[in-house]
Amino acid sequence: MASLPAASATPAPSASKARGRSPAALILRQLLRRPLVVVALVLLAAILAVAASAAWIMPYDPMKMDILSRMKPPSSAHWFGTDEFGRDVMSRIMQGAQLSLLVGLLVVVVAAVFGTLIGLLAGYVRPLDGVLMRLTDALMAFPDILLAIAFMAALGPSLFNVVLALGIVYTPRVARVVRAAALVVREMPYVEAATALGAATPRIVFLHILPNLMSPLVVQATFIFAYAILTEAALSFLGVGVPPTTPTWGNMIAGAQQYFQQADWLVLFPGLAIVATVLALQIVGDGLRDALDPRLQKVT
Amino acid sequence: MFVYIVRRLAGMMVVMLIVAAVVFVIARVVPGDPAAVMLGSSATPEDIAALRGRLGLDQPLLGQFLIYLQQIARFDLGESIFLNRPVAQALAERSELTAMLTLMSVGIAVIIGVPVGILSAAMRGRWVDQAAIGVAMLAASVPSFWIGLTLIKYLAVDLPWFPVAGYGPPDAGLLERLRHLVLPAIALGIPNSALILRFTRTSMLDVLGDDYVRTARAKGLSPLVVVLKHALRNAMIPILTVIGLTAAVMIAGAIVTETVFGLPGVGNLIVSAVLRRDYPVIQGALLVVSAIYVLINLSVDLLYAVVDPRVRY
């Protein structure tokens, strides 16, 4: 499993309002200038739309077995073929999209909430910095997949536990980025001014520092989303993730292993779904990082 | 340098102490009684009580942790519940395969990542560069188990060039063993080559913009000499770092790859332990792999001084 690319800890410049455009509009404009990012955004939007509307657009009931149609190759009736129980692979991939994206999204929420809190505390409340950073160092000393497996071994296989385990795994990465950015922002004159005006620490942290950390946070969140999907698939494949009866993309590949040699579409299509989603997220993440950090535009 | 090494080792000990605490806690967050979970529903209360005593679960939590630390200090990782032998022995028996697989995978990732990264940086902005970045992103997006299954299908079943699974018969020679590791190493190496490629490219781009590279070019040196002799040497630090990190990541990545290819390595042992809830093995493996991970990071840092004479501690 690849490591997460480092998001820049530099907060986004906020001089854009001077020209009458919101920072979001400018970032979007920067993103849309890159054809590859546009393709990735369209692909991601399509995947999200399919996942959101799966219940209405699925051609078949993904759980309905049809023994007479088992292991049929892709055809006009079943675009992605059928599995060993005659279930429509395309419908199962659509349902799997809901679950895999949901896991990715929830992992991002868990890691972003806890990582931001820890990072802000470490970056602003200096006495806590040492303790919190040693804790994140220790958690980052475990490879992602291994730590996730260990938590799953303790917690047992379930969707909630996968989210919890991956949330814990990725929290230190968010905490590191947020802390680094908070250390920069806390020295800014406006934070100093707020302190001089007697603002309370929570007000400074959440009202003045946090909004200026959103750029690195958003970039990191995009990559975590991508890697959470990959790691969830790996956990499901190993049989320690979401229970096998739930059709996540990883479970579909794991279940198809023994039939793969006669029916390669059973592995091919769920795999392509993972690759397309993760690739699109990575390209968007890269684009966001470049758009939010002008220094990187010069390097890459 | 000596002071730096001592300081880093001390820092590493602190991190490992917290790692040990995390490993200890993980086995204690099991819902219900860990001994009952490990033995399953058919266990009698006597069996559960005996296992609780054997694992020290009847002691207070702090006492359990201290016992655990003492055991680690003696390199005693406990006894496997299902294998009925020391965890350290079980890990050692399977470590050769995992080490070889990791080394081969690192080799493949480096062979792909470093030259393509250099080429990409040297041809910045051209189609070769764009293609390399695209391929790197694609490689990083593909699950290693999916690559593994695809390789088995096309290069072991349809074209029987490589063994489908396993590590060969017990009396197999080194070459036969290595042949069994080719496909797993490719499956593990390809996704990890992406990170090496991207770091190599970024690191080379940083260096290629430096004054001394411009001077070398102005002296009329060939582009090949400028890139490989002048730029690459100074770009090596980040590249070495990422190779070290990738090697550490691959040890864990082997968990998935060994399962796909049915290789009896440490990864396979971990998955079996998780499925059987053999917590001593899970704890031992977590501790050993994270220690290797931390040690590789330390070694990479220390290598800096060797590779770059400007680095002084």
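Residues numbered from 1 in each chain as written. Chains lettered and ligands numbered in written order. Predicted model: local features only at pLDDT ≥ 70, side-chain atom pairs only at ≥ 80, totals over all residues. Heavy atoms only, no water.

The name an unreviewed UniProt entry assigns to chain B is ABC transporter permease, from the organism Azospirillum doebereinerae. Taken from UniProt, the Sequence similarities (unreviewed entry) comment for chain B reads in full: "Belongs to the binding-protein-dependent transport system permease family." As recorded by UniProt, the Subcellular location (unreviewed entry) comment attached to chain B reads in full: "Cell membrane". (UniProt positions renumbered as here; feature names shortened; annotations may be inferred.)

Chain A has the name ABC transporter permease in an unreviewed UniProt entry, where Azospirillum doebereinerae is given as its organism. Looking at chain A in UniProt, the text filed under Subcellular location (unreviewed entry) is "Cell membrane". Listed in UniProt under the heading Sequence similarities (unreviewed entry), the comment for chain A reads: "Belongs to the binding-protein-dependent transport system permease family."

**Q** I'd like to hear about the overall build of chain A, residue by residue, with values.
**A** When helices and strands are tallied, chain A shows 13 helices and 0 strands. Helices and strands in chain A line up, N terminus first, as α-α-α-α-α-α-α-α-α-α-α-α-α. With the C-alpha coordinates of chain A rotated into their principal frame, the extents come out at 75 × 45 × 35 Å. Looking at chain A as a whole, 54% of its 300 residues qualify as buried. (Helix = DSSP H or I, 4+ residues; strand = E, 2+ residues; numbered from the N terminus. Buried < 20%, exposed > 50% of the residue type's maximum accessible area, 1.4 Å probe, protein only.)

**Q** Could you give an account of the pattern of salt bridges, with specific residues and numbers?
**A** Residue and element names in this part refer to chain A. Following the criterion strictly, the structure yields 15 salt bridges over all chains and no others. Where D83 meets R87, a salt bridge forms, and the shortest distance between an N and an O atom there is 2.9 Å. Each member of the pair D83 and R87 is classed as buried. Between R92 and D83 there is a salt bridge, with the nearest N and O atoms lying 3.6 Å from each other. D83 matches R92 in its accessibility class, with the two residues each being buried. Where salt bridges share partners, they join D83, R87 and R92 into one cluster. (Salt bridge = Lys/Arg side-chain N within 4 Å of Asp/Glu carboxyl O.)

**Q** Give me the UniProt feature "domain: ABC transmembrane type-1" (unreviewed entry) in chain B: which residues, what numbers.
**A** Here the UniProt feature "domain: ABC transmembrane type-1" (unreviewed entry) sits at residues 95-304 of chain B. When the span residues 95-304 of chain B is considered, its composition is 84% helix and 0% strand, and the gap between its end C-alpha atoms is 28 Å.

**Q** Break down the UniProt feature "transmembrane region" (unreviewed entry) in chain B for me, citing the residues and quoting the values.
**A** Mapped onto this numbering, the UniProt entry annotates "transmembrane region" (unreviewed entry) at residues 9-30, 97-119, 131-157, 177-197, 239-261 and 281-307 of chain B. Taken as a whole, residues 239-261 of chain B contains 100% helix and 0% strand, while its terminal C-alpha atoms sit 30 Å from one another.

**Q** An account of the interface of chain A and chain B is requested, with residue identities and associated values reported.
**A** Between chain A and chain B, the residue contacts involve 52 residues of the former and 53 residues of the latter. Here chain A is connected to chain B by 1 salt bridge. For B:R198, the salt bridge identified is with A:D286, shortest N-O distance 2.4 Å. For the pair chain A and chain B, the number of links is 7 residue pairs in polar contact (both at pLDDT 80 or more). (Contact = heavy atoms within 4.5 Å. Polar contact = N/O pair within 3.5 Å; in protein donor to acceptor, adjacent residues only side chain to side chain.)

**Q** Give a detailed account of the domain arrangement of chain B, specifying residues and quantitative values.
**A** Residue and element names in this part refer to chain B. Domain boundaries in chain B define domain 1 (1-87) and domain 2 (89-307). For domain 1 versus domain 2, the distance between C-alpha centres works out to 31 Å. Listed per partner, the contact involves 31 residues of domain 1 and 24 residues of domain 2. Residue E93 pairs with R85 through a salt bridge whose shortest N-O separation is 2.5 Å. Inspection of the domain 1/domain 2 interface yields 9 residue pairs in polar contact (both at pLDDT 80 or more). Listing elements by their share of the side of domain 1 that touches domain 2, those giving two or more residues are α1 (2-28), α2 (34-39) and α4 (61-73). A total of 14 residues in the side of domain 1 that touches domain 2 trace back to one element, the largest contributor, which is α1. In the side of domain 1 that touches domain 2, the residues fall into 26 nonpolar, 1 polar and 4 charged. (Domains from an automatic or database assignment. Nonpolar A, V, L, I, M, F, W, Y, C, P; charged D, E, K, R; others polar.)

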